Structures are given as structure tokens and as C-alpha cells.
Protein chains: 2
Amino acid sequence: MGRGKIEIKRIENSSNRQVTYSKRKNGILKKAKEISVLCDAQVSLIIFGVSGKMHEYISPYTTLIDVLDRYQRASGKTLWDAKHENLSNEIDRLKKENDSMQIELRHLKGEDITSLNYKELMALEDALENGLSGVREKKMEVHRMFKRNVRGSRFFHWKDFGGAK
Amino acid sequence: MGRGKIEIKRIENSSNRQVTYSKRKNGILKKAKEISVLCDAQVSLIIFGVSGKMHEYISPYTTLIDVLDRYQRASGKTLWDAKHENLSNEIDRLKKENDSMQIELRHLKGEDITSLNYKELMALEDALENGLSGVREKKMEVHRMFKRNVRGSRFFHWKDFGGAK
DNA sequence: TGGGCTATGTATAAAAG
DNA sequence: TCTTTTATACATAGCCC
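Note that the structure is predicted; figures quoted are calculated from it, not measured. (Residues numbered from 1 in each chain as written. Chains lettered and ligands numbered in written order. Predicted model: local features only at pLDDT ≥ 70, side-chain atom pairs only at ≥ 80, totals over all residues. Heavy atoms only, no water.)

Draft legend 1. Spatial organisation of the protein's contact with DNA strand C. Inspection of the region around DNA strand C gives 16 residues, with A:Met1, A:Gly2, A:Lys23, A:Lys30 and B:Arg3 positioned closest. By atom count, sugar and phosphate contribute 70% of the portion of DNA strand C lying within 4 Å of the protein. In the model, a phosphate oxygen of DNA strand C is placed 3.4 Å from a nitrogen or oxygen of the B:Lys5 side chain. In this structure, B:Lys31 approaches DNA strand C through a side-chain N or O atom, which is 3.4 Å from a phosphate oxygen. Those elements that provide at least two residues to the surface near DNA strand C are α1 (14-39) of chain A together with α1 (14-39) of chain B. No other element matches α1(A), which puts 5 residues into the surface near DNA strand C. Tallied by class, the residues present in the surface near DNA strand C amount to 3 nonpolar, 6 polar and 7 charged. (Near = heavy atom within 4 Å. Polar contact = N/O pair within 3.5 Å; in protein donor to acceptor, adjacent residues only side chain to side chain. Helix = DSSP H or I, 4+ residues; strand = E, 2+ residues; numbered from the N terminus. Nonpolar A, V, L, I, M, F, W, Y, C, P; charged D, E, K, R; others polar.)

What follows is the structure in C-alpha cells.
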């Protein structure tokens, strides 16, 4: 429609795409309102543009939840349970990740190392020595900076040293 | 449109309403497809007619659940019940816990310590020294055990030393 | 209920501001 | 980039089958 016919495939020019999106979004929202008023239809329309901004229309006197409940009954698909399962899986994954980090942290702090064998202890020792040398190096660097920058210099800030003032 | 303009209010004649519903339903479904193809939009359209029959359109490469997830994030409204909200909260909590452990682990390994101040570096050094002394003590203990228990003793197992055999 | 058929109103692509 | 304009394509109300 309009000045020229276009074929229905992705609009490559992104500013054209944006303009078309904006216009058609308004158009389809209007159509959604019209059909629900004219024909007593229950409509739920949710649109995300490429920018991520959302637009929605839900028929009057109803809610998205109502529509989704009907959707589940009409389609036989379960939205809640599927969602529930996804969340549970995510939680399991996070908990496992958490546990292993927890253990690693404890080991690095010298806790709960009774069950470790000699090889593992050596690897742990290496990791700690590495960390320690990194930290000491950084400490010395900060210390050198402290000495170079007397208090009052505009490059000196107590907060860099953890001081209160 | 068509042979005469109509105003946007409920069509009282039920057979006209039904015909108009059927036509406009097809129209809006087509529009939904078009905008998602033309503009890369993510669209979810669910329609119930008076008869109760459902029609839907979801953009390709996505699912209603994905759209609803985005809807919740974008609108701040929660669709799933309290149970799901609890699960979501749990996920948030675990993610935060995860993040802070991640950071702590990195620090203990001497990574990402540029932003730490002197006080924090000292605390880190202490923690590392503690861990190291714990690990070394344990190592020596294992070593003493190794010397006491010659190979072949029924109390000796190579696995305790990380050996392959 | 569903599919043609137009005449007509709308939506909108492209251009212009 | 956004709005406005305009010519054109599209959607559809009313009608018939």
C-alpha cells in the first residue's frame, strides 16, 4: 500500500524498517481495538519492536491473565507449568553453581580440606600462592603511589587507602 | 471501509457481527504476520471470538512463553502466581549470591583487584595467608602419613595422594 | 459458514519538510 | 530523526451465492 507495493520480507534499510514498524504498530493496535469493540472479541496483542520497547492491547473488561487462562484451556498447552519447570531448572543450575563456588571458596580459605588428596592440596597451594603474589604486587604498587603522592596532592584520595577521612 | 463506513461500536446484528469478525480476524492475523516479518518485531496475538474459538499468532523463532517473559520484564506486572514469584525471587537471590562469590573467588585468585583499596588488599592478603597456612599444614600432615604408611600397608591408598595407580 | 464481488474507506510507502 | 503529505495498495461492508 502506499506509493509502492512492497513484498513481505524483512526490510533491510533499518530506518525504513523503524518507520514502517511504528506505523504498522499503530495500525494493528487500532485493528485490535476495532475488532474487540465491533465483534465482542477478546483480544490480547503484545508487540516488541527491535528496540525492545513493548506495546500491548488487551480487550476491555478482561486481563491478560484471563486471556492466558482461556488460551491454556483452548490449546491444551500449559503455560504456567512449563514456566514453572523452567524456573525450577534454573534454580537447580544456580544452586549447583553456587555449591561448587562455595566449596572452592572454602578450600581457598583453608576450610574443609580434610577430604582433599595430596595432588589437590598442591593445586590449591599453587592457586593461593598465585593469588597472594598478585595481591602483594598490587599492594606494593598502591604503597608506592602513597609515598609518591603526599597528602594534599590532588591525585591523592584517602578512600584509595580505605581510610575514613 | 467497503460499501459504507461504519462506526466503531458493537455490531448489533449478530450474523453481521460474525461475518465481520471472521473477516477482520483474518485481516489482523495477516497484519501481525506482516509486521513481524517486515520489521523483525516479536508479536503475540491471541483472539477469542464470541463463539469461544481461539485464533493465535506468534512470531517465528519465539514462543508465547518468551513473549510473556519479556512482557513481565517490560511491564513490571507479574503474570505468574505467587509460587512463580517466589521462584523468581529465589533465582534473583541465587544470582546475587553467585555474583558476589564469583567476585570473591576472582579476588582470591588475584584477579580483578585493580579496584580494591589498600585496606581491602590487606584483608585479602590475610585471607590468602590463612588459607595457605591451612593448606600447607594439611599437606605436611598427609606427607607424614605417607612416610608412616609404606606402600602395601592396608591403610595406604594411592588415591589419597592423587596418584594414578 | 464460507467464498466471490465491487465500491469505498483506510492504511501506509515513499517523498518531502 | 521525526512529522506531514500524498498517491497508491489494501481491507472490508454490504451484497449475492
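Draft legend 2. Representation of the interface of chain A and chain B. Of the residues lining the interface, 88 residues belong to chain A; the matching set on chain B comes to 89 residues. Counting each side, the surface lost to burial between chain A and chain B is near 8400 Å², with a carbon and sulfur contribution of 70%. One salt bridge connects A:Glu34 with B:Arg24, and the closest N-O pair in it is separated by 2.8 Å. Secondary structure elements with two or more residues in the side of chain A that touches chain B: α1, β1 (42-48), β2 (54-58), α2 (64-75), α3 (79-108) and α4 (118-148) of chain A. No other element matches α3(A), which puts 19 residues into the side of chain A that touches chain B. By residue class, the composition of the side of chain A that touches chain B is 44 nonpolar, 18 polar and 26 charged. With 7 bridges connecting them, β1(A) and strand β1 (residues 42-48) of chain B associate as antiparallel partners. Residue pairing in the sheet places A:Gln42 in a bridge with B:Phe48 of β1(B). (Contact = heavy atoms within 4.5 Å. Buried area = accessible area lost by both parts, 1.4 Å probe. Salt bridge = Lys/Arg side-chain N within 4 Å of Asp/Glu carboxyl O. Pairing = 2+ DSSP bridges.)

Draft legend 3. Inspection of α3(A) at higher detail. Between its terminal C-alpha atoms α3(A) stretches 43 Å, which fits the 44 Å expected from 30 residues at 1.5 Å a residue. The set of residues buried in α3(A) consists of A:Leu79, A:Trp80, A:Lys83, A:Leu87, A:Ile91, A:Leu94, A:Asn98, A:Met101, A:Leu105, A:His107 and A:Leu108. (Expected span 1.5 Å × (residues − 1). Buried < 20%, exposed > 50% of the residue type's maximum accessible area, 1.4 Å probe, protein only.)

Draft legend 4. Summary view of α1(A). If you check α1(A), its first and last C-alpha atoms are 36 Å apart, about what 26 residues at 1.5 Å a residue would give, namely 38 Å. One or two positions beyond α1(A), positive phi appears at A:Asp40, with a value near 60 degrees.

Draft legend 5. Representation of the side chain of A:Asn98. With respect to the element layout, A:Asn98 can be found in helix α3. You can call A:Asn98 buried: its relative accessible area is 4%. Ignoring any residue separated from it by four or fewer positions in sequence, one finds A:Asn98 in contact with B:Leu94, B:Glu97, B:Asn98 and B:Met101.

Draft legend 6. Region of interest: the pairing of strand β2 (residues 54-58) of chain B. Burial analysis of β2(B) places 4 of its 5 residues in the buried class, which makes it a mostly covered element. The antiparallel hairpin formed by β1(B) and β2(B) contains 5 residues in its connecting segment, where B:Gly52 sits at a positive phi of about 95 degrees.

Draft legend 7. Layout of the pairing of β2(A). Note: β1(A) against β2(A), 5 bridges, orientation antiparallel. Bridged to A:Ile47 within β2(A) is A:His55.

Worth remembering: the numbers are spatial, not functional.
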